[in-house]
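# Structure assessment
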Amino acid sequence: AQSVTQPDIHITVSEGASLELRCNYSYGATPYLFWYVQSPGQGLQLLLKYFSGDTLVQGIKGFEAEFKRSQSSFNLRKPSVHWSDAAEYFCAAGPMEYGNKLVFGAGTILRVKS
Amino acid sequence: NAGVTQTPKFQVLKTGQSMTLQCAQDMNHEYMSWYRQDPGMGLRLIHYSVGAGITDQGEVPNGYNVSRSTTEDFPLRLLSAAPSQTSVYFCASTNGGGLDTGELFFGEGSRLTVL
């Protein structure tokens, strides 16, 4: 069965420090991969997506993610975290046929220390 | 520019009651879906649709019913509410699949409590 694993439930970083959120997927074929962010009481907003090609993808708000096929990973990174980045982050994978049929990870809650 | 609109935002039901969560999008998206979000479990797909008149089950379809009579609307029906259906429900839409796969646009969510 398809699955997406985010090993870290909570992560706390200091403002200005670098960030890496981990994501591993188990899928029959190479899926489309996504990172979404959810602020409290809000819906989800797309940060970035990977379909094919360059394995390092750039997203909004200064985020980037690297696809590593050999490790079945799609980790999210940001070189310098801002207090406004505090939110819950979800990694998701989906089949190439249906853009709305995603499997989500359990999420990682990011706290930012000032 | 409304995007995806869900109603109601909050609802409390008693066990056994039925209700419908409404979802409407104004972006002319063919693909729509319903997810539920539970703590520590992320979002799980309930039902999805790839066009008017076409629906299919997701990961957790039991106890829920959907229909898609128009491109714009995709209501989710709870036939006989159970406490296990206490959750936050999100409706989402996107413009397609395959190479056309784009951003999944989410509504703001509907928080349902079943007593």
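It should be noted that the structure appears before, not after, this text.
For the structure given in this document, a descriptive report is provided here. Every chain's residues receive numbers from 1 upward, in the order its sequence appears when written. The naming scheme follows written order: chains are lettered A onward, ligands numbered 1 onward. Residues qualify for local features only when their pLDDT is at least 70, as the model is predicted, and side-chain atom pairs are given and counted only at 80 or more; totals for whole chains, interfaces and linings, by contrast, use all residues. Each side-chain value is derived from all of the structure's non-hydrogen atoms; neither hydrogens nor water enter the calculation.

## A few points about the sheet that holds strand β7 (residues 64–66) of chain B
Residue and element names in this part refer to chain B. In this description, strands pair whenever DSSP reports at least two bridges between them. Starting at the N terminus, helices and strands are each numbered in turn, a helix being any DSSP run of H or I of at least four residues and a strand any DSSP run of E of at least two. If you trace the four strands from one edge of the open sheet to the other, you get β1-β3-β8-β7, paired in antiparallel fashion. Edge positions in the sheet fall to β1 (4–7) and β7, since each has one partner strand and no second. Between one strand axis and the next, the sheet turns through 20° on average, direction left out of account. The angle between two axes is taken between their N-to-C directions and runs from 0 to 180 degrees, where each axis is a line fitted to C-alpha atoms and a helix contributes only its stretch in contact.

## Observations concerning the packing of aromatic side chains
The rule is short: rings of Phe, Tyr and Trp, with Trp giving its six-membered ring, pair when the centres are within 6.5 Å, and they are stacked under 30 degrees, edge-to-face over 60, tilted in between. Tallied over the full model, the rule gives 15 aromatic pairs over all chains. On the basis of an interplanar angle of 85° and a centroid distance of 6.3 Å, the ring pair of Phe90(B) and Phe106(B) is categorised as edge-to-face. Pair noted here: Phe90(B) is in strand β9 (residues 87–94) and Phe106(B) is in strand β10 (residues 105–106), with a separation of 16 residues, a long-range link. Each residue is placed in one exposure class: buried if its accessible area under a 1.4 Å probe, protein chains only, is under 20% of its type's maximum, exposed if it is over 50%, and partly exposed if it falls in between. A relative accessible area of 2% means that Phe90(B) is categorised as buried. On the basis of relative accessibility, which here comes to 12%, the residue Phe106(B) falls in the buried class. Site record: aromatic cluster; members linked through ring pairs are Tyr32(A), Phe34(A), Tyr36(A), Phe51(A), Phe90(A), Phe104(A), Tyr35(B), Phe90(B) and Phe106(B). Positioned over the ring face of Phe74(B) is Arg68(B), at 5.9 Å from the centre of the ring. For a ring to carry a charge above it, either NZ of a lysine or CZ of an arginine must fall within 6 Å of the ring centroid while also lying within 35 degrees of the normal to the ring plane.

## What about the interface of chain A and chain B?
Only heavy atoms enter the contact rule, under which two residues are in contact if any of them lie within 4.5 Å. Counting from both sides, the interface comprises 23 residues of chain A and, opposite them, 26 residues of chain B. By convention, the term buried area covers the 1.4 Å-probe accessible surface removed from two parts as they join, with the contributions of both added. Counting each side, the surface lost to burial between chain A and chain B is near 1800 Å², with a carbon and sulfur contribution of 57%. Definition used for salt bridges: Asp or Glu carboxyl oxygen within 4 Å of a side-chain nitrogen of Lys or Arg. Linking chain A with chain B are zero salt bridges. Each polar contact in these results corresponds to two N or O atoms within 3.5 Å; when the atoms are within protein, one needs to be able to donate a hydrogen and the other to accept it, and residues that are neighboring in sequence are counted only if both atoms are side-chain atoms. In this structure, the connection of chain A to chain B is made through four residue pairs in polar contact (both at pLDDT 80 or more).

## Overview of the pattern of salt bridges
All names here are of chain A. This model, assessed by the stated rule, comprises six salt bridges over all chains. Across the pair Arg22 and Asp8 runs a salt bridge, and its minimum N-O distance is 2.9 Å. Within this pair, whereas Arg22 is found in the loop between β3 (19–21) and β4 (24–26), its partner Asp8 is found in the loop between β1 (3–5) and β2 (10–14), the two being separated by 14 residues in sequence. Note that Lys78 is salt-bridged to Asp85, the shortest N-O span being 2.8 Å. Through salt bridges that share partners, Glu64, Glu66 and Arg77 make up one connected network.

## Quick notes on the state of the cysteines
A pair of cysteine sulfur atoms is labelled a disulfide when the two atoms are within 2.5 Å. Scanning the model with the defined rule gives two disulfides over all chains in all. What pairs with Cys23(A) in a disulfide is Cys91(A), and their sulfur atoms sit 2.0 Å apart. Between Cys23(A) and Cys91(A), the S-S torsion sits near -65°, and that sign places the bridge as left-handed. Here Cys23(A), found in the loop between β3 and β4, pairs with Cys91(A), found in strand β10 (residues 87–94); they are 68 residues apart in sequence, far enough to count as distant. In this model, Cys23(B) is linked to Cys91(B) through a disulfide, with the two sulfur atoms separated by 1.9 Å. Every disulfide takes its handedness from the sign of the S-S torsion; for Cys23(B) and Cys91(B) that torsion is -70°, giving left-handed.

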